[in-house]
Amino acid sequence: VDVSFIPALRAIVGATHILEDADLRRAYETDWTRRYHGSTPFVVRPGNTDEVAAVVAACAGAGVSLVPQGGNTGLVGGGVPRAGEVVLSLTRLNTLSPVDAVGGEVTVGAGATLAQLQQHVRAAGWNFGVDLASRDSCTIGGMIATNAGGIRVIRYGAMRHQLVGIEAVLANGQVIRRLPGLRKDNTGYDLANLLAGSEGTLAVVTAARLRLIPQLPSRAVALLAVPHTAAALAVTASVRAGTTGLEAAELFFSEGVELVRRHAGLPAPPVGTSPAYLLLECAAPANAADELSSALSTIDLPTAFATEARQREGLWAYRERHTEAISAEGIPHKLDVALPLDRLAEFEGRVRQHLREAVPEARPILFGHVGDGNIHVNILGLDPDDDRATDAVLQLTAELGGSISAEHGIGVAKTRWLHLTRSPADIAAMAAIKSALDPRGILNPGVIFGMSALRE
Ligand code: 2HG
Ligand code: ZN
């Protein structure tokens, strides 16, 4: 990288917000999983949208590529440098507008964390529809760029479904601003939704207008010991049909619980040990516990209920602490797939069997959002560049009509497998959008399409 334009960047953001020192850069150069890393000449930390626009324009002028980064909680290598790109950190853009209590909306800077947003809107009597375990670090801009899902998708949808408007900086430094809070606005293309899930390849998200949901004070969680995935699906189906307030349906297995218990020092789950576990949560203005227990009344499986916050968190810990427990054990391969619900049980059985036979060193830990057909296949025991298990799992996913990227994105981790579930016509349409919005390929090069794809 020709760094002769650093003085220009210093003039834009101030000298203290260009991090050149190796010690200061380090945290931005390695992803959360520790599997993906690269080096950056420097990290630039603009403080507002105009500064982002000026930085992007300066980089575009110098032909320098950028990797936009938020809380660096991504799991597919899409937010860290790979080939000497400049890291554009958005964490200083963390403003939160007052909550619009009439429309139930708020405008949020890209760098605000999910927890900051939650705290802000809860204090005003509202809530936000997306929640996930990395809430204290993940940022709103990154969540939009990855179209993050999490544990409430079954009721409220993913990040894209919360978007009322967006502000973003294009690759040429121009700013698009659609933040007025119009629930109805069919004026041409929906650019906000185009950017949701674009993984930093089309524009840099700087702010968003988000819809809020009512605070539902009555909550109930049930943890069930289930014999297998098919049983978890059957219970979820009947609770889904028998309640109005189902907010989460999570599946995990004995191998994950064993790891979580060991790393988090937790006792055995109150339902005892079981091959599989199903966690359900209902939320309502009142009587969520009655709704959930009556929906489960015909189901004869060991079940623990919790309504108090502390007890609910206690049951959730067995599920939410999977990611950190796995990471404490080693550097996993993380495969985030979705299956049609009627193929999910078959998928789980076949994945385990195939890995046992073909990649016996692989140690799979499966868990996920069963209501969405989304399973996180984590695999320990393999070298970071050993792709045998990844290949097998993603091939099987495609064969069963699933998606190779449910909610984490393609990043750089899955570019090689994009063709499995996207046709040549699909990929050509996406590449045309990419080259129209970023003709010089300076925004997050290599992500989604791979390093060579766009230069052909
Ligand atoms: C979750 O559901 C996250 O907890 C992380 O999507 C999943 O660690 C993973 O593979
Ligand atoms: Zn997840």
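For the structure, see preceding data.
In this report, we go over the structure that sits alongside the text. (Residues numbered from 1 in each chain as written. Chains lettered and ligands numbered in written order. Predicted model: local features only at pLDDT ≥ 70, side-chain atom pairs only at ≥ 80, totals over all residues. Heavy atoms only, no water.)

Remarks on the packing of aromatic side chains
On inspection of all chains with the given rule, the structure shows 2 aromatic pairs. Arranged with centres 5.5 Å apart and planes meeting at 15°, the rings of phenylalanine 252 and tyrosine 277 form a pair that is stacked. Within this pair, whereas phenylalanine 252 is found in strand β12 (residues 246–253), its partner tyrosine 277 is found in strand β13 (residues 276–284), the two being separated by 25 residues in sequence. With relative accessibility at 1%, the residue tyrosine 277 sits in the buried group. For the cation-ring pair, arginine 352 lies above phenylalanine 253, with the distance from its terminal atom to the ring centre recorded as 4.7 Å. (Phe/Tyr/Trp six-rings, centres within 6.5 Å; stacked < 30°, edge-to-face > 60°. Helix = DSSP H or I, 4+ residues; strand = E, 2+ residues; numbered from the N terminus. Buried < 20%, exposed > 50% of the residue type's maximum accessible area, 1.4 Å probe, protein only. Lys NZ or Arg CZ within 6 Å of the ring centre and 35° of its normal.)

Quick look at the site of ligand 1
Taken together, Leu75, Arg319, Thr323, Lys334, Phe367, His369, His376, Asn378, Glu407 and His408 make up the full set of residues adjacent to ligand 1. Between an oxygen atom of ligand 1 and a side-chain N or O atom of lysine 334, the distance comes to 2.6 Å. Contact distances for ligand 1 include 3.1 Å between an oxygen atom and a side-chain N or O atom of glutamate 407. Relative to its free-state accessible area of 300 Å², ligand 1 is covered by the protein chains to the extent of 88%. (Near = heavy atom within 4 Å. Polar contact = N/O pair within 3.5 Å; in protein donor to acceptor, adjacent residues only side chain to side chain. Areas by Shrake-Rupley, 256 points an atom, 1.4 Å probe, with all protein chains shown as cover.)

Concerning the coordination of the zinc ion (ligand 2)
For the zinc ion (ligand 2), the full set of protein donor atoms is His369 (NE2), His376 (NE2) and Glu407 (OE), at a range of 1.9 to 2.1 Å. Here the donor residues of the zinc ion (ligand 2) are spaced in sequence according to H-x6-H-x30-E. Note that histidine 369 is positioned in strand β16 (residues 363–369) and glutamate 407 in the loop between α14 (388–399) and α15 (418–421), a separation of 38 residues in sequence. (Donors = N, O, S within 2.8 Å, 3.2 Å for Na, K, Ca; no water.)

A look at the sheet that holds strand β2 (residues 43–44)
Spatial strand order, β1-β2-β4-β3: 4 strands in an open sheet with mixed pairing. The open sheet is flanked by β1 (18–19) and β3 (66–69), the only strands paired with a single partner. In terms of strand pairing, β2 meets strand β4 (residues 86–89) through 2 bridges, oriented parallel. Following the sheet pairing, valine 43 is matched in β4 by valine 87. Sheet contacts for helix α3 (residues 49–62): β2, β3 and β4; angle to β4, the most-contacted strand, approximately 165°. (Pairing = 2+ DSSP bridges. Contact = heavy atoms within 4.5 Å. Axes fitted to C-alpha atoms, helices over the stretch in contact; angles between N-to-C directions.)

Examining the pairing of strand β15 (residues 333–338)
Put simply, side chains in a regular strand alternate between the two faces of the sheet. Burial within β15 is extensive, with 6 of its 6 residues counted as buried. Burial of the side chains of β15 extends over both faces: His333, Leu335 and Val337 are buried on one face and Lys334, Asp336 and Ala338 on the other. Of the strand pairs in this sheet, β15 and strand β17 (residues 374–380) are connected by 6 bridges, and their pairing is antiparallel. Looking at the pairing, alanine 338 lines up with asparagine 374 of β17.

A closer look at the side chain of histidine 369
Using a relative accessible area of 3% as the deciding quantity, one classes histidine 369 as buried. Among residues more than four places away in sequence, those in contact with histidine 369 are Gly150, Ile151, Ala249, Glu250, Arg319, Asn374, His376 and Glu407.

Overview of the packing of helix α9 (residues 254–264) against helix α12 (residues 322–329)
Relative orientation of the contacting elements α9 and α12 amounts to 75°, with a least axis distance of 9 Å. Relative to α12, the element α9 lies roughly perpendicular. Mapping the contact onto sequence places Gly256, Val257, Leu259, Val260, Arg262 and His263 in α9 and His322, Ala325, Ile326, Ala328 and Glu329 in α12. Its residues assigned to classes, the contact of α9 with α12 comprises 6 nonpolar, 3 polar and 2 charged. (Parallel < 35°, antiparallel > 145°, perpendicular 65-115°, else oblique. Nonpolar A, V, L, I, M, F, W, Y, C, P; charged D, E, K, R; others polar.)

Topic: the pattern of salt bridges
Scanning the model with the defined rule gives 29 salt bridges in all. Of the charged contacts, one joins glutamate 247 and arginine 152 as a salt bridge, the two residues approaching to 3.4 Å between their closest N and O atoms. Residue glutamate 247 is located in strand β12, and its partner arginine 152 is located in the loop between α5 (140–145) and α6 (153–156); the two are separated by 95 residues in the primary sequence. Glutamate 247 sits in the buried class, given a relative accessible area of 1%. Arginine 152 gets classed as buried once you look at its relative accessible area, which sits at 10%. Here arginine 416 and aspartate 387 are joined by a salt bridge, their closest N and O atoms 2.6 Å apart. Here arginine 416 is found in the loop between α14 and α15, whereas its partner aspartate 387 is found in the loop between β17 and α14, with 29 residues between them in sequence. Aspartate 387 sits in the partly exposed class, given a relative accessible area of 22%. (Salt bridge = Lys/Arg side-chain N within 4 Å of Asp/Glu carboxyl O.)

Thoughts on the packing of helix α8 (residues 229–242) against helix α13 (residues 344–358)
At a minimum axis separation of 8 Å, α8 and α13 run at an interaxial angle of 160°. The angle between α8 and α13 falls in the class roughly antiparallel. Where α8 crosses over α13, the handedness of that crossing is right-handed. Every residue of α13 that contacts α8 at Thr229, Ala230 and Leu233 is listed here: Leu344, Ala345 and Glu348. For the contact of α8 with α13, the class distribution of residues is 4 nonpolar, 1 polar and 1 charged. (Left-handed = near helix turned anticlockwise from the far one by under 90°.)

Describing the sheet that holds strand β5 (residues 105–109)
The strand order across the open sheet formed by 4 strands is β5-β9-β7-β8, and the pairing between neighbours is antiparallel. With partners counted over all chains shown, the strands left at the sheet margins are β5 and β8 (175–178), one partner each. Averaged over all pairs of adjacent strands, the angle between strand axes in this sheet comes to 15°, irrespective of strand direction. The sheet contact formed by β5 and strand β9 (residues 203–211) spans 5 bridges and is antiparallel. What sits directly across from glutamate 105, in β9, is arginine 211.

Looking at the pairing of strand β14 (residues 303–306)
Taking every second residue as pointing to the same face, the buried face of β14 carries Ala304 and Ala306, while none of Thr303 and Phe305 on the other face is buried. In the sheet, strand β11 (residues 218–226) pairs with β14 via 4 bridges, with the strands oriented antiparallel. Within the sheet, the bridge partner assigned to alanine 222 lies in β14 and is phenylalanine 305.

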